[in-house]
Amino acid sequence: MTADMPPSEVRPARDPVRKNIALLAVPPNLRDYDATCAGFSWEAAGSLLDGLPGGQGLNMAHEAVDRHLHEGRAHKVALRWVGKDGDRRELSFRDLSEETNRFANALASLGVQPGERVFVMMGRQPELYVAVLGALKARCVVTPLFSQFGPEPIATRAEVADARVLVTTPELYQRKIQGLRARLPGLQHVILAGAQGAAIPATYRWDDVVAAASPAYTIGPTDPESMALLHFTSGTTGRPKGAVHVHAAVLAHRVTGIHALDLHDDDVFWCTADPGWITGTSYGILAPLCSGVTSVVVEAEFDAQAWYSVLEREKVTVWYTAPTAIRMMMKLGVQAVQPYDLSALRFAASVGEPLNPEAVVWGLDAFGLPFHDNWWQTETGGIMISNFAAMDIKPGSMGKPLPGITAAIVRRRDDGHIETIDEPMVDGELALRTPWPSMMRGYLHEQERYAKCFADGWYLTGDLARRDVDGYYWFVGRADDVIKSAGHLIGPFEVESALMEHAAVAEVGVIGKPDPIVGEVVKAFVALKPGYEASEALRRELLGHARKQLGAAVAPKEIEFRINLPRTRSGKIMRRLLKARELGLPEGDLSTLESDEVKTSPVSPGATS
Ligand code: PRX
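Quantities reported herein were computed from a predicted structural model and do not represent experimental measurements.

1. What about the domain arrangement of the protein chain?
With domains assigned, the protein chain is organised as domain 1 (24–466) and domain 2 (483–583). The centre of domain 1, based on its C-alpha atoms, is set 30 Å off from the matching centre of domain 2. Each partner contributes residues to the interface: domain 1 has 22 residues there, and domain 2 has 23 residues. Of all residues in domain 1, Glu152, Ser234 and Trp277 give up the largest surface area on contact with domain 2, accounting jointly for 25% of the area buried on that side. Summed over the shared surface of domain 1 and domain 2, the result is one salt bridge. Applying the counting criterion to the domain 1 and domain 2 interface returns ten residue pairs in polar contact (both at pLDDT 80 or more). Those elements giving two or more residues to the side of domain 1 that touches domain 2 turn out to be helix H6 (151–161) and helix H12 (323–332).

Printed below as a string of structure tokens:
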């Protein structure tokens, strides 16, 4: 924690949402929290997994797909896909097994080796799910990439990971990737799903290499500790970090599916997240499939009415969504929900950003169910802290640690050691006792950055939190400058770097500006090079440049010109000071301030897009 950090926001106290297990439609998996935690061991939980036949190790895709063929679910619907135009497609566990076998065979026919990186970048269409699981069968390392990324975030991630294969669509390829091929010499194979007509040079059509491949495949021996997924996340500085997850993580997906999401065999589950972000992989693909439930996949982007229709028509029973979407639904009011029969819905959960206490309670009014907030990170691989189905909810709290997870509020001492803060309601850094199965095993090629996350047997999350007397955890804020917008983690450095590439820009500082719907919007402060005049036209040009390079989800929504920006003596732009001034908060400790910004801006300050 640094001295110049903005003061934490204390959430309003609300009455707890009481639970009466006897009144719940389905008895929860986790009924007695303390007893389950006391009796839990990851070793014993290992019996929930099947393992590869013949003791050949552990493979995520076997647990998610193939095991169900001999457990009586071959004909059960694994994925129910709802397309943008309302078309639907169902894949049974057998269909999914065969499709993913074809994909694994296609990789083999291209000479792709286990351990090589396969990037999958497309909207939520069936091929995405087939490619991710098929590549896991082939023991490749999978990186799902957000399809709305611009060329720059794609290229950076592909360079860091040395991507060998990319699975995408013709449209995304032509718009974003073709122009990057020269920069990515390691990218040997591009497979285009839905490609029709004449082949695009240097690519393969899905139908030629995947659909034509054999539906029979045997997964090779898989070391549970071998790399399976590489998910990129952002820090305050430097390139995005590739968090390494291994096949053994699947045990955490399975266990958290049972305890945090309360999945039962006959559930219809809908995770609204995109697999380009880890929630959409861990809980949009792995956890529900491992649990053998039917998972709904919706291709279209958020639209409240369309979402209510999906909940009604597909008879969704368990729904995992995010605060930004919930706040957008709240704006439309309870009356927008009333025409729909949502009686199948029995459990609703939320993740990714702070969930307002009023949103938890709004769930009760709108759906007859509270939203159950839970907390985790790309680095933790799965849900770590959660409000459980059988437990009273304190609105505004993230809940309690999962069975098998020990959390604490800690302070980093100057000598590098960790001190736990045992008194309740004291702010500190949220830490988790190592290890657990889905804990990241590294940041790819960045041992030093990885090592900094751990001390004295604790993983340090970089989040500030407090714990109350009943053991509930409350989110306070981030200890760093990383921005959370609509649930997406955005590194300010990545945004600054893209703006710095513009000829007019001398220096940039990027902050997250609080927003009532998306949590934070990205705002950039820009100082221009001599010879350039701040103007509305230039502001628009810079917004457009950033959007083209980074994609809409990452690019700043606001740009404000400054004559210069506040810097530390070592030359670092003081984003915290920019933010404190933007928000009218105390400026904190300015002892390291070298040059101060000129506060008046040459064009109308606060001008937005
Ligand atoms: O700051 C916390 C916030 O999201 C960060 C993790 O983001 P990401 O790595 O993209 O993880 C995605 C998987 C959820 C955390 O460090 N965060 C996550 N959940 C919550 C949250 N902040 C407040 N409340 C939450 N429930």
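2. Notes on the site of the ligand
Looking at the ligand, there are 18 residues lining it, with Asp373, Asn374, Gln377, Thr378 and Asp463 nearest. Between the ligand and Asn374, the relevant distance is 2.7 Å, taken from a nitrogen atom to a main-chain nitrogen or oxygen of the residue. At 2.8 Å from an oxygen atom of the ligand is found a side-chain nitrogen or oxygen belonging to Asp463. Protein chains bury 97% of the 550 Å² of accessible surface belonging to the ligand in isolation. Looking at the shell around the ligand, the elements that each hand over two or more residues are helix H10 (278–290), strand E14 (371–375) and strand E23 (473–478). Here the shell around the ligand takes three residues from E14, the largest share from any one element. Looking at the shell around the ligand residue by residue, the classes come out as eight nonpolar, five polar and five charged.

So, how was this worked out
- Residues numbered from 1 in each chain as written.
- Predicted model: local features only at pLDDT ≥ 70, side-chain atom pairs only at ≥ 80, totals over all residues.
- Heavy atoms only, no water.
- Domains from an automatic or database assignment.
- Contact = heavy atoms within 4.5 Å.
- Buried area = accessible area lost by both parts, 1.4 Å probe.
- Salt bridge = Lys/Arg side-chain N within 4 Å of Asp/Glu carboxyl O.
- Polar contact = N/O pair within 3.5 Å; in protein donor to acceptor, adjacent residues only side chain to side chain.
- Helix = DSSP H or I, 4+ residues; strand = E, 2+ residues; numbered from the N terminus.
- Near = heavy atom within 4 Å.
- Areas by Shrake-Rupley, 256 points an atom, 1.4 Å probe, with all protein chains shown as cover.
- Nonpolar A, V, L, I, M, F, W, Y, C, P; charged D, E, K, R; others polar.

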